[in-house]
Amino acid sequence: MFTHAIARRPGKNFAQGLTTSFNAKPPQYDLLCKQHETYLETIKSCGLEVTLLDPLPDYPDAYFVEDTAVVTPDVAVITNPGAKARNGEEDFMAPVLAGFRKTEHILAPGTVDGGDVLQVGNHFFIGLSERTNKEGAAQLGRILESYGNTWAAVEVGAGLHFKSSVNYVGKNTLLVTADFAEHAALSKYNKIVLEKAEAYAANTLLVNEHLLMPVGYPDTRKQLKVLGFDIIELETSEVRKMDGGLTCMSIRF
Ligand code: CIR
């Protein structure tokens, strides 16, 4: 059961963040803030007490707080984010999480983005991506093991982060893109495989018994609904333009 979340307001310069999503329509600050506010209200209504931080002017992507830490019931592991432009955000997250947990740190040359780390019970999948390297994954794995968890590294291939393609939705079930449908490391889980056109819906967030998913993915919604999930749909158009989604905007614990 999650009780807390940490989030950060987007700054006015958010459109200077990293993105590979080129859109005809540029991202809108007012709309982003509105969608972010609705997101916060929703996770509060799912039972989370939210610590809301101010924007970091030097880090336009800092509202994607997920990438700066991996929090378990025992420890908050402060990451070493893999993108140069984002490296340093973690220094602002460490003191906040120190108020809730013992902290440990990923150290260079290891890099980890929290978006690559998927927790399923006491097992952690750590995606190897352009942001998370083998050294970072091994450091994180060792820390997690020391608290009685298990872990496995998984090559991410396409997509920004592991959780851009794979998320746990409860009931021993993973929501996966076609690339991961037959992946050996995921073989012991039931899977909902996304239609290619709905791949973005993989970034779906489980908050206690509620499942938050982006608006506009009817096939995925239908498949999740059949399994009896309580689904809440949220607008994510503006974060999507910055390569973000629902998991990225909070750290839950
Ligand atoms: C970045 O490229 O780092 C940001 N524009 C998006 C990060 C999204 N974070 C996430 O998926 N965990």
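Residues numbered from 1 in each chain as written. Predicted model: local features only at pLDDT ≥ 70, side-chain atom pairs only at ≥ 80, totals over all residues. Heavy atoms only, no water.

Draft legend 1. Seen up close, the environment of Tyr29. Summarising the element assignment, Tyr29 is placed in helix α1 (residues 29–45). According to the relative accessible area criterion, Tyr29 is partly exposed, its value standing at 24%. Put simply, Tyr29 and His161 are 132 residues apart on the chain and 24 Å apart in space, counted from C-alpha to C-alpha. For Tyr29, the contacting residues outside a window of four places in its chain are Pro10, Gly11, Lys12 and Phe14. A polar contact is formed between the side chain of Tyr29 and the backbone oxygen of Pro10, at a distance of 3.3 Å. (Helix = DSSP H or I, 4+ residues; strand = E, 2+ residues; numbered from the N terminus. Buried < 20%, exposed > 50% of the residue type's maximum accessible area, 1.4 Å probe, protein only. Contact = heavy atoms within 4.5 Å. Polar contact = N/O pair within 3.5 Å; in protein donor to acceptor, adjacent residues only side chain to side chain.)

Draft legend 2. Structural view of the layout of surface pockets. Within this model, the largest pocket holds a volume of roughly 870 Å³. If you trace the largest pocket, you find 37 residues lining it, with Gly159, Leu160, His161, Ser164 and Asp243 closest to the centre. By volume, the second largest pocket amounts to about 680 Å³. If you trace the second largest pocket, you find 28 residues lining it, with Phe2, Val71, Gln119, Leu206 and Arg252 closest to the centre. Of all the secondary structure elements, the ones that give two or more residues to the lining of the second largest pocket are β3 (69–71), β6 (117–120), β9 (166–168), β12 (205–207) and β15 (251–252). Among the elements that take part in the lining of the second largest pocket, β6 stands out by supplying 4 residues, more than any other. Residue classes in the lining of the second largest pocket are distributed as 15 nonpolar, 9 polar and 4 charged. (1 Å grid on protein atoms, 1.4 Å probe; cavity = no way out; pocket = protein on both sides within 12 Å on 5 of 7 lines; lining within 4 Å. Points joined across faces, edges and corners; volume = space filled by probe spheres on them. Nonpolar A, V, L, I, M, F, W, Y, C, P; charged D, E, K, R; others polar.)

Draft legend 3. Layout of the site of the ligand. The immediate surroundings of the ligand are formed by 14 residues, with Leu18, Glu66, Arg86, Arg131 and Met242 found nearest. In this structure, Arg131 approaches the ligand through a side-chain N or O atom, which is 2.8 Å from an oxygen atom. For the ligand, a nitrogen atom lies 2.8 Å from a polar atom in the backbone of Met242. Expressed as a share of its isolated accessible area of 350 Å², the protein-covered part of the ligand is 98%. (Near = heavy atom within 4 Å. Areas by Shrake-Rupley, 256 points an atom, 1.4 Å probe, with all protein chains shown as cover.)

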